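# Chain and residue survey
So the chains spell out like this:
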Amino acid sequence: MNFQGWDFRSIYEQPPPDLMEAEAFFAAFAKFHDIDGTSIECIFTRAKRQPVAIIPGANGENIDGITSFTSVLIVKDEDISGAEQGGSLRIDGVHCRIMTVSHPIMGITRMELEGYAG
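Presented here is an overview of the structure given in this document. Note that the structure is a prediction, hence the values are computed from the model and not measured. (Residues numbered from 1 in each chain as written. Predicted model: local features only at pLDDT ≥ 70, side-chain atom pairs only at ≥ 80, totals over all residues. Heavy atoms only, no water.)

### Overview of unusual backbone geometry
Trans is the common state for peptide bonds, and a negative phi is the common state for residues other than glycine. Although it is not a glycine, Asp36 sits at a positive phi angle of roughly 50°. As for its placement among the helices and strands, Asp36 is situated in the loop between β1 (31-35) and β2 (38-46). For Asp36, a relative accessible area of 47% corresponds to the partly exposed category. With phi around 50°, Asp92 is a residue other than glycine that occupies positive phi space. Locating Asp92 in the fold gives a position in the loop between β5 (88-91) and β6 (94-102). (Helix = DSSP H or I, 4+ residues; strand = E, 2+ residues; numbered from the N terminus. Buried < 20%, exposed > 50% of the residue type's maximum accessible area, 1.4 Å probe, protein only.)

### A word on the environment of Phe26
Within the secondary structure, Phe26 sits in helix α2 (residues 17-29). Residue Phe26 is classed as buried on the basis of its relative accessible area of 2%. When the C-alpha positions of Phe26 and Glu41 are compared, they lie 8.1 Å apart, and in sequence the two are 15 residues distant.

### Comments concerning the side chain of Ser71
You can see Ser71 is positioned in strand β4 (residues 67-76). When neighbours within four sequence positions are excluded, Ser71 is seen to be in contact with Phe44, Thr45, Arg46, Met111, Glu112 and Leu113. (Contact = heavy atoms within 4.5 Å.)

### A few points about the nonpolar core
In this structure, Ile35, Leu73, Val75, Leu89, Ile91, Met111 and Leu113 are the most contacted members of the largest nonpolar core, which totals 14 residues. Sorting the residues of this core by element identifies β2, β4, β5, β6 and β7 (108-117) as the ones contributing at least two each. Not counting the four nearest positions on each side in its chain, Leu113 is found in contact with Phe44, Phe69, Thr70, Ser71, Leu73, Leu89, Ile91, Cys96, Arg97, Ile98 and Met99. Membership of the second largest hydrophobic core comes to seven residues, among which are Ala22, Ala30, Ile74 and Ile108. (Core = buried A, V, L, I, M, F, W, Y, C linked by side-chain atoms within 4.5 Å.)

Written out as structure tokens, the structure is:
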């Protein structure tokens, strides 16, 4: 048997604890959502909707019935790239603006999103 090129060390190494924690988290809570046209396993939570605030002196457009919402998207780094604050995503057909991007544990991206519906 030829063992050349084998990485024997990997047989005995454990995955980093953060990675094991992330896998358990996704196994328990993740569902598939359409993100920019691709079905991705992620955790997507939406806070309750709030009416859009009317700013005095605005151009007078009628925004009654329009609501804003904030959401949190948690996704594996390998499934999303280039996400940055101020960018946008389309999740399940809804356009959202990326408000914050963080990496709470290894291999995971957490984004706070803002969207509008009406």
